[in-house]
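These are the residues of each chain, in order.
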Amino acid sequence: QKEVEQNSGPLSVPEGAIASLNCTYSDRGSQSFFWYRQYSGKSPELIMSIYSNGDKEDGRFTAQLNKASQYVSLLIRDSQPSDSATYLCAVNRRGGADGLTFGKGTHLIIQP
Amino acid sequence: DTEVTQTPKHLVMGMTNKKSLKCEQHMGHRAMYWYKQKAKKPPELMFVYSYEKLSINESVPSRFSPECPNSSLLNLHLHALQPEDSALYLCASSQDPGVRAAFFGQGTRLTVV
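Residues numbered from 1 in each chain as written. Chains lettered and ligands numbered in written order. Predicted model: local features only at pLDDT ≥ 70, side-chain atom pairs only at ≥ 80, totals over all residues. Heavy atoms only, no water.

Participant: Where do I start with the interface of chain B and chain A in this structure?
Facilitator: Often, the extent of an interface is quoted as the loss of accessible area upon association of its parts. Contact with chain B, which involves 24 residues of that partner, is made by 22 residues of chain A. The interface formed by chain B and chain A includes zero salt bridges. Put simply, chain B and chain A have four residue pairs in polar contact (both at pLDDT 80 or more) between them. Elements with a minimum of two residues in the side of chain B that touches chain A: β4 (31-37), β5 (44-50), β6 (53-57), β9 (87-94) and β10 (102-104) of chain B. A per-class count over the side of chain B that touches chain A returns 15 nonpolar, six polar and three charged. (Contact = heavy atoms within 4.5 Å. Salt bridge = Lys/Arg side-chain N within 4 Å of Asp/Glu carboxyl O. Polar contact = N/O pair within 3.5 Å; in protein donor to acceptor, adjacent residues only side chain to side chain. Helix = DSSP H or I, 4+ residues; strand = E, 2+ residues; numbered from the N terminus. Nonpolar A, V, L, I, M, F, W, Y, C, P; charged D, E, K, R; others polar.)

This is the structure we're talking about:
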């Protein structure tokens, strides 16, 4: 069973602090890893993609990938109330055109 | 431009109705997807079209029928749905199958009465 695991939260973080979101996956053949942000009633919005081990930074967001540990994380620096949303970890399934497998999502709340 | 356009935004249909959801992208993406999302759940893959051919059907009931008329358009035909099919239906596309990120449309909120 291919799975993507996330802590559903809610994760409450003070404004201006660093929010740390974690994700583990079971399929060692997974090739691509994504973080999506979803506001209530809206569709998922891609915020980060990462394909190789290490860190990838984009503005206030940093994605980290460790394939040996089958672990992906997302750091949000200087958290803002507008960052309050559900963050979905998604993993490309092995073998080509076979879509994404999503974790259940972490509900992040940034406290003003 | 990473826009995927879905119509309609909202749809209410009876269990005997036939309706269609439409999805369009003009990014030259060669893979298109239908996902279903229930409240407080993650998106679940329904269908994958790769180079305009159906490549994956995740054991979706036949009352859902996908169609890809060309590389820019994706339809989902609905017939004899059940109330439990009420959900947010999401279309997505990616540059190529497999590795690349998928971009989602705004979704169609479907209610079956």
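Participant: Sorry, what's going on with the side chain of Q38(A) here?
Facilitator: If you trace the backbone, Q38(A) turns up in strand β4 (residues 33-38). Polar contacts involving the side chain of Q38(A) include one to the side chain of Q37(B), which spans 2.8 Å. If we skip the residues at most four places from it in the chain, Q38(A) touches S43(A), P44(A), A85(A), T86(A), L88(A), Q37(B) and L88(B).

So far we have only geometry, and geometry alone does not tell us how the molecule works.
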